[in-house]
Amino acid sequence: MKLGLPLFLLAVGLIVMWQPRTRRWQSRLRAHLKGDERRIRQRANTFFLLGFAFVMAALALLYRIGTT
């Protein structure tokens, strides 16, 4: 197995985890959800968990590559 997929998953996971912290993302979501802070926080947590899942999948693939 090549390193391409795990590195791609790692990069995408970090970007998805970081995205809700950007000012542009927050302003667009605030406009879309009409300022409902609870739903904005919920959406940001969902993005963080999705990014974390990508990072964990990448680490699992890297571990598998390293042990074979």
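Details of the structure are given in the entry above.
Quantities reported herein were computed from a predicted structural model and do not represent experimental measurements. (Residues numbered from 1 in each chain as written. Predicted model: local features only at pLDDT ≥ 70, side-chain atom pairs only at ≥ 80, totals over all residues. Heavy atoms only, no water.)

**Student:** Any details on helix 3 (residues 37-67)? Residues and values, ideally.
**Tutor:** The end-to-end C-alpha separation of helix 3 is 45 Å, in line with the 45 Å expected for 31 residues at 1.5 Å each. In the core, the buried residues of helix 3 are packed alongside helix 1 (4-18) and helix 2 (23-32). (Helix = DSSP H or I, 4+ residues; strand = E, 2+ residues; numbered from the N terminus. Expected span 1.5 Å × (residues − 1). Contact = heavy atoms within 4.5 Å.)

**Student:** Mind laying out the packing of helix 1 against helix 3, listing which residues take part and the relevant values?
**Tutor:** Running from N to C, helix 1 and helix 3 cross one another at 160°; their axes reach a closest spacing of 7 Å. By the angle between their axes, helix 1 is roughly antiparallel relative to helix 3. Judged by the sense of rotation from one axis to the other, the crossing of helix 1 with helix 3 is left-handed. Here Leu5, Pro6, Leu9, Leu10, Gly13, Leu14, Val16 and Met17 of helix 1 lie close against helix 3, whose contacting residues are Phe47, Phe48, Leu50, Gly51, Phe52, Phe54, Val55, Ala57, Ala58, Leu61, Leu62 and Ile65. Residues belonging to the contact of helix 1 with helix 3 are distributed by class as follows: 18 nonpolar, two polar and no charged. (Axes fitted to C-alpha atoms, helices over the stretch in contact; angles between N-to-C directions. Parallel < 35°, antiparallel > 145°, perpendicular 65-115°, else oblique. Left-handed = near helix turned anticlockwise from the far one by under 90°. Nonpolar A, V, L, I, M, F, W, Y, C, P; charged D, E, K, R; others polar.)

**Student:** Account for a nonpolar patch on the surface, naming residues and giving values.
**Tutor:** A cluster of nonpolar side chains, contributed by Phe48, Leu49, Phe52, Met56 and Leu59, occupies part of the molecular surface with about 480 Å² of accessible area. Within the secondary structure layout, Phe52 lies in helix 3. Among the residues examined, Phe52 registers a relative accessible area of 41% and is labelled partly exposed. (Patch = residues over 30% accessible without salt bridge, like charges linked within 9 Å, V, L, I, M, F, W, Y side chains within 5 Å. Areas by Shrake-Rupley, 256 points an atom, 1.4 Å probe, with all protein chains shown as cover. Salt bridge = Lys/Arg side-chain N within 4 Å of Asp/Glu carboxyl O. Buried < 20%, exposed > 50% of the residue type's maximum accessible area, 1.4 Å probe, protein only.)

**Student:** Explain the nonpolar core residue by residue, including any values.
**Tutor:** Of all hydrophobic cores here, the largest spans five residues; its members are Trp25, Leu29, Leu33, Ile40 and Ala44. Breaking this core down by element, the ones donating at least two residues are helix 2 and helix 3. Apart from the residues within four sequence positions on either side, Leu29 is in contact with Ile40 and Arg43. (Core = buried A, V, L, I, M, F, W, Y, C linked by side-chain atoms within 4.5 Å.)

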